[in-house]
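# Working through the structure, step by step
One-letter residues, chain by chain:
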Amino acid sequence: MLITDYERIAQAIRFLEKNHRAQPKLAVVAAHVGLSECHFQRLFQRWAGISPKRFLQCLTAAHAQSLLMQSGSLLEVTFEAGLSSPSRLHNLFVKLHAVTPAQWRGRGNGVTIRYGFHESPFGTCLLAMTEKGICHLSFVDGTKSQGLAALAVQWPDATRVEDSGETRPIAQRVFSRNPEQGAALPLWVRGSPFQVKVWQALLSIPPGALTSYGSVAAALGTPGASRAVGSAVARNAIAYLIPCHRVIRSTGALGDYRWDPVRKKALLAWESANPEAVSHRINSLKRNM
């Protein structure tokens, strides 16, 4: 069975997490994932853009805590600026649209969703879209049927059609290190008004930065709603583009992730190591409600 680059990286991350106190040598980590030292070094450098040693540093709790302290104010400033004058920040990469109340009640009735499975730097993903935009993006570690089951729960009455030819160029653009600077990628989300506000706030977290559930709640003007924010974050159905992986616990602990905690660490460390590659992805928010 062919093992993908990301699966090798995930194996290495798990090993580094378990053995970080021993600061294992490159040869030890390479042997654990079944590669020669040179091959593993090239693979890791190609995927992450940094050495395994530097990547290990990006995974430490101290690194997470320092980012959290920096991003507490960053979220508030960016969120406020995004609401007042998004055009003055950065080029828009994502535009968020929400379903209407009637569409919410309809549970996707009358909607045609085209979907496809594609390889990404973070493993196999399922991307689904309607004529109004991307409505689902998830990472699939199990079978394709398991991935489709989650899509069916989200849009139970929609007509779902496999069309990887239609979704492939969008997936390539989403995960490209140099995505086009033209029209923004539209997202079409199905959630309660509060959930949509939380997802909008997540779009304002700068790439490579972190924030806490409490900071998001405060930015929304509901400082006591940390638990509700956490619930909304957990219900995000568009991975990566709506960056719920950038929200961590107030203690600095990275916490759980709907699509595997190891993948969350990989996403955060990749962003920390490649700030220029992701700086224009989701840097400002334009409300299109």
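Data block above holds the structure.
## Observations concerning the overall build of the protein chain
Looking only at helices and strands, the protein chain has 13 helices and eight strands in total. Counted over contacts in the protein chain with a minimum sequence separation of 6, partners at least 24 positions apart contribute 69%. When the accessible surface of the protein chain is summed, it comes to about 13600 Å², and 52% of that surface belongs to carbon and sulfur atoms.

## Description of the packing of helix α1 (residues 5-19) against helix α12 (residues 261-273)
Helix packing geometry: the angle between the two helix axes and the distance between the axes. The contact between α1 and α12 brings their axes to 10 Å, and the two run at 100°. Between α1 and α12, the angle falls in the class roughly perpendicular. Side by side, α1 and α12 meet where Tyr-6, Ala-10, Ile-13, Arg-14 and Glu-17 of the first sit next to Val-262, Arg-263, Lys-265 and Ala-266 of the second. When grouped by side-chain class, the residues that make up the contact of α1 with α12 number five nonpolar, no polar and four charged.

## Brief notes about unusual backbone geometry
The backbone of Tyr-240 sits at a positive phi, close to 70°, despite the residue not being glycine. Within the fold, Tyr-240 resides in the loop between α11 (226-234) and β8 (247-248). A relative accessible area of 4% means that Tyr-240 is categorised as buried. Although it is not a glycine, Asp-260 adopts a positive phi angle of roughly 90°.

## Considerations on the packing of aromatic side chains
Applying the stated rule across the entire model yields twelve aromatic pairs. Considering the side-chain rings of Trp-155 and Trp-188, the 5.3 Å spacing of their centres and the 15° angle between planes classify their relative orientation as stacked. Pair noted here: Trp-155 is in the loop between α7 (144-154) and β5 (159-162) and Trp-188 is in strand β6 (residues 185-189), with a separation of 33 residues, a long-range link. Here Trp-155 falls in the buried class, since its relative accessible area comes to 1%.

## A few points about the nonpolar core
Of all hydrophobic cores here, the largest spans 64 residues; its most connected members are Val-174, Leu-202 and Tyr-240. Core analysis: the second largest hydrophobic core is formed by 13 residues, Val-99, Phe-117, Leu-126 and Cys-135 among them.

## Description of the pattern of salt bridges
The full count for this structure, using the stated rule, is six salt bridges. Between Arg-114 and Asp-163 there is a salt bridge, with its nearest N and O atoms 3.5 Å apart. Highlighted residues: Arg-114 in strand β2 (residues 112-120) and Asp-163 in the loop between β5 and α8 (164-175), separated in sequence by 49 residues.

## Overview of the layout of surface pockets
Taken as a whole, the largest pocket spans an internal volume of roughly 310 Å³. What lines the largest pocket is a set of 16 residues, among which Val-153, Gln-154, Arg-190, Arg-235 and Ala-237 lie closest to the centre. Per element, the largest residue contribution to the lining of the largest pocket is three residues, and it comes from α7. Of the residues assigned to the lining of the largest pocket, the class counts are eight nonpolar, five polar and three charged.

## A few points about the environment of Val-262
Relative to the elements of secondary structure, Val-262 occurs in helix α12. When its relative accessible area of 7% is taken as the criterion, Val-262 is described as buried. Between the alpha carbons of Val-262 and Ile-13 there is a distance of 7.0 Å; along the sequence they are 249 residues apart.

## Remarks on the environment of Phe-55
On the secondary structure map, Phe-55 appears in helix α4 (residues 52-58). Relative accessible area serves as the criterion here: at 0%, Phe-55 is assigned to the buried category. Residues Phe-55 and Phe-44, spaced eleven residues apart in sequence, show a C-alpha to C-alpha distance of 9.2 Å. Here Phe-55 is in contact with Ile-13, Phe-44, Trp-47, Ala-48, Ile-50, Lys-265, Ala-266, Ala-269 and Trp-270, once residues within four sequence places are set aside.

## Points about the side chain of His-245
Structurally, the position occupied by His-245 is in the loop between α11 and β8. His-245 has contacts with Leu-210, Tyr-240, Tyr-257, Lys-264, Leu-267, Leu-268 and Glu-271, leaving out every residue within four places of it along the chain.

What counts, and at which threshold
- Residues numbered from 1 in each chain as written.
- Predicted model: local features only at pLDDT ≥ 70, side-chain atom pairs only at ≥ 80, totals over all residues.
- Heavy atoms only, no water.
- Helix = DSSP H or I, 4+ residues; strand = E, 2+ residues; numbered from the N terminus.
- Contact = heavy atoms within 4.5 Å.
- Areas by Shrake-Rupley, 256 points an atom, 1.4 Å probe, with all protein chains shown as cover.
- Axes fitted to C-alpha atoms, helices over the stretch in contact; angles between N-to-C directions.
- Parallel < 35°, antiparallel > 145°, perpendicular 65-115°, else oblique.
- Nonpolar A, V, L, I, M, F, W, Y, C, P; charged D, E, K, R; others polar.
- Buried < 20%, exposed > 50% of the residue type's maximum accessible area, 1.4 Å probe, protein only.
- Phe/Tyr/Trp six-rings, centres within 6.5 Å; stacked < 30°, edge-to-face > 60°.
- Core = buried A, V, L, I, M, F, W, Y, C linked by side-chain atoms within 4.5 Å.
- Salt bridge = Lys/Arg side-chain N within 4 Å of Asp/Glu carboxyl O.
- 1 Å grid on protein atoms, 1.4 Å probe; cavity = no way out; pocket = protein on both sides within 12 Å on 5 of 7 lines; lining within 4 Å.
- Points joined across faces, edges and corners; volume = space filled by probe spheres on them.

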